[in-house]
Amino acid sequence: MWEPEIKVGTTSSAPSHRAPMAPAMPGGRASSSYGLSVTDDKDARIWERIKDHPCFSEQAHHYFARMHVAVAPACNIQCNYCNRKYDCTNESRPGVASVKLTPDQALRKVLAVASKVPELSVIGVAGPGDACYDWRKTVATFEGVAREIPDIKLCISTNGLALPDHVDELADMNIDHVTITINMVDPVVGAKIYPWILHGHRRYTGIEAARILHERQMLGLELLTKRGILTKINSVMIPGVNDTHLVEVNRWIRDRGAFMHNVVPLISKPSHGTYYGLTGQRCPEPFELKALQDCLDGNVKLMRHCQQCRADAIGLLGDDREREFALDQISTKVDPSKREAYRKLVQHERGDQLAAKLDANKAVKSLGSSRTLAVAVATKGGGRINEHFGQARELQVYAVSRKGINLVGHRKVEQYCLGGLGEKATLDHTIVALDGIDILLSSKIGDCPKKRLAETGVRASDAFSYDYIETAIGALYAAEFGGKPAMPTALGPSN
C-alpha cells in the first residue's frame, strides 16, 4: 500500500487548518493510497497531516526526525515484555531511557535539539511509563513545546487504559497523532501478556485485568476516531502467545477506524530483566514477522519501517542522537530560519525522489518477471544509499517482484567498524541478520566483508553509492531478470 505521490511544489508547511492542495504524482495525476476517488480531497487532507511525521509516513521517515521526551515514568499496567530502565545506554528498545526528565528539563532539551536538528518535526511522549497515566507531566511538557515551537507536531504513545479519560484534552491541545499498544482482543490471551493493571484505584489481575484493559482500549480508539485523531496501533508479536491472534486484533482495530497497524517483534533477552526474557520466551524470526505482516496487508495500512525506539530517542529513525544532548551541555536558542530552509530543501528532494521511485517501479513491473529479490540497504535517510557498511546499525529491507519495489522491514545489525577496524564477531552477527537477503547495497564496503558475505550467498555492492534506493534496485532487478538495465542510476556508479 503506497502513499500519496506529490510533485515538487505541492508540499507545504502551512498550518493544518488551511486547505491543502491535492497531492499529485509526476505527470499531473492525482493519487490515492486509501481507495478514494482522485477528486476526493480527503486523501489530500490526510497526507497534509502525515507528510512530516516519520512514524505515520514511510516516506517522511527518510527526511524528518522525531524526539521522545522521557517525562512519564509512572505506569498503570505491567507487561511481560517490559522493564522500564533508566541510565541505560546499551539497550535499544521501548521502555528504556538514560534519564528521567521533568517537563522543564524536557523543554530545555527540545529547544536544544530543535536548534541543531532542523529535521525535527515531532515531539512525542512514549514513556518510559504511560503518557496518559502520568498525564500532568505530559500536559506540562506539551504546553511548553507548543508555546516555544508552534510548528512541531505533538503525539503520545499509550497502553490505552487511561486514554478514554483524556481524549477531549488531546483534541483541545491539537494532538493529532496517537499510538496505542494493543496486543489482544481476547482476555484469555491478554492474561498471558499482562499480569496486572491499576484502574479506578484498584489492582486487577488475570483475565479480569485483561478484560478491563481490552474494553478501555477499544473505547479509547473509538473516541479518537470520532474526534478525527489519527491512530497507530502497535502490536507486539509474541510466538505461541498472540501471533495468530493478531489477525483478529487487526480486524477489530480496522472496524474502529485505526489509521495504521504496526506489528513489531518481541524483544526478549535475559539481560533485559523482563518476565519473558527470564522465562525463555523466544522472539519471532524475521520470516515469521514478514509472513504475519503479509497476511494482514490490505486491511489497515501497515507500518513496516518501525525501529522500536527508546523512550528518549532523538533523530531520524535508525539514527539515534540522544547522547549528543546532555542536559548540562545544551544551548536552547532556536533559529526558525534553519527549520524553514530544511523544509524547502525536502520539498524539492521529495519530488525528485518520487519521480525516480515511480520510474523504477514502472520498469520493474514492465518486465513481467516471476522472480523475486530481497535487497538490504544501508542508508542514513533521504531515500539514498548513503551509509558505509561498517557504520550501519540497521538495514532497510526491500522486496522486489512483479508487484514493484516495496519496503518490507528493517534488520538491526551491530556496527562492524570501530576505530577503523572490522570485528569478526560483529560480522558474524550481521551475517545472521542478513538471512534470506540476496543483495546488500551500501555507499562503501571493504573487500574483506564483501568476500565473507559472498561466501554466505549475499552479494554486496557499493556501485550505486548515493543513488536513490529504488533507482538502484530497479536497475539491479532489470539486469538480473530483464537483460539491460531499464534506467541509469541517479549519480552513476562510484567505481
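Above this note sits the structure.
What you are looking at is a predicted structure, and each value in this text was computed from that prediction instead of being measured.

Each value, and the rule that gives it
Residues numbered from 1 in each chain as written. Predicted model: local features only at pLDDT ≥ 70, side-chain atom pairs only at ≥ 80, totals over all residues. Heavy atoms only, no water. Pairing = 2+ DSSP bridges. Helix = DSSP H or I, 4+ residues; strand = E, 2+ residues; numbered from the N terminus. Axes fitted to C-alpha atoms, helices over the stretch in contact; angles between N-to-C directions. Buried < 20%, exposed > 50% of the residue type's maximum accessible area, 1.4 Å probe, protein only. Right-handed = clockwise from strand over helix to strand, strands pointing away. Expected span 1.5 Å × (residues − 1). Contact = heavy atoms within 4.5 Å. Parallel < 35°, antiparallel > 145°, perpendicular 65-115°, else oblique. Left-handed = near helix turned anticlockwise from the far one by under 90°.

A. Highlighting the sheet that holds strand S19 (residues 439-441). Ordered in space as S16-S15-S14-S19-S20, the five strands form an open sheet in which the pairing is mixed. What marks the edges here is a single partner per strand, and that holds for strand S16 (404-412) and strand S20 (459-461). Going from strand to strand, the sheet's axes swing by 25° on average, the running direction of each strand aside. Alignment of S19 against S20, held across three bridges, turns out to be parallel. If you follow Leu441 over to S20, its bridge partner there is Ser461.

B. Representation of the pairing of strand S11 (residues 260-265) in the model. With five of six residues buried, S11 is to be regarded as a mostly interior element. Pairing between strand S10 (residues 230-237) and S11: six bridges, direction parallel. Across the sheet, residue Met237 finds its bridge partner in S11, namely Pro265. With respect to chirality, the unit in which S10 leads through helix H7 (residues 246-255) into the neighbouring parallel S11 is right-handed.

C. Focus on helix H10 (residues 336-367). When the terminal C-alpha atoms of H10 are compared, their 47 Å separation across 32 residues agrees well with the 46 Å that a helix rising 1.5 Å per residue should span. At the C-terminal side of H10, Gly368 shows a positive phi close to 65°.

D. Broad picture of helix H3 (residues 135-148). If you check H3, its first and last C-alpha atoms are 20 Å apart, about what 14 residues at 1.5 Å a residue would give, namely 20 Å. If you check which residues of H3 are buried, you get Trp135, Thr138, Val139, Thr141, Phe142, Gly144 and Val145. Those residues of H3 that are buried are in contact with helix H2 (103-116), strand S5 (120-125), strand S6 (153-158) and helix H4 (167-172).

E. How the structure looks around the packing of helix H11 (residues 424-433) against helix H12 (residues 447-455). At a minimum axis distance of 11 Å, the contact between H11 and H12 shows a crossing angle of 40°. As judged from the angle between their axes, H11 and H12 are oblique. Viewed along their axes, H11 and H12 form a crossing whose handedness is right-handed. Contacts between H11 and H12 involve Leu427, Asp428 and Ile431 on the former and, on the latter, Pro449, Arg452 and Leu453.

F. Spatial organisation of the sheet that holds strand S8 (residues 196-199). Taken in spatial order, the three strands of this open sheet run S4-S8-S9, and their pairing is antiparallel. For this open sheet the edge positions go to strand S4 (77-78) and strand S9 (202-205), each flanked by a neighbour on one side alone. Relative to S8, S4 is paired through two bridges, and the arrangement is antiparallel. Each bridged residue has a counterpart across the sheet, and for Ile77 the counterpart in S8 is Ile197. Most of the contacts of helix H6 (residues 206-226) go to S9, to which it runs at about 110°, and overall it touches S8 and S9.

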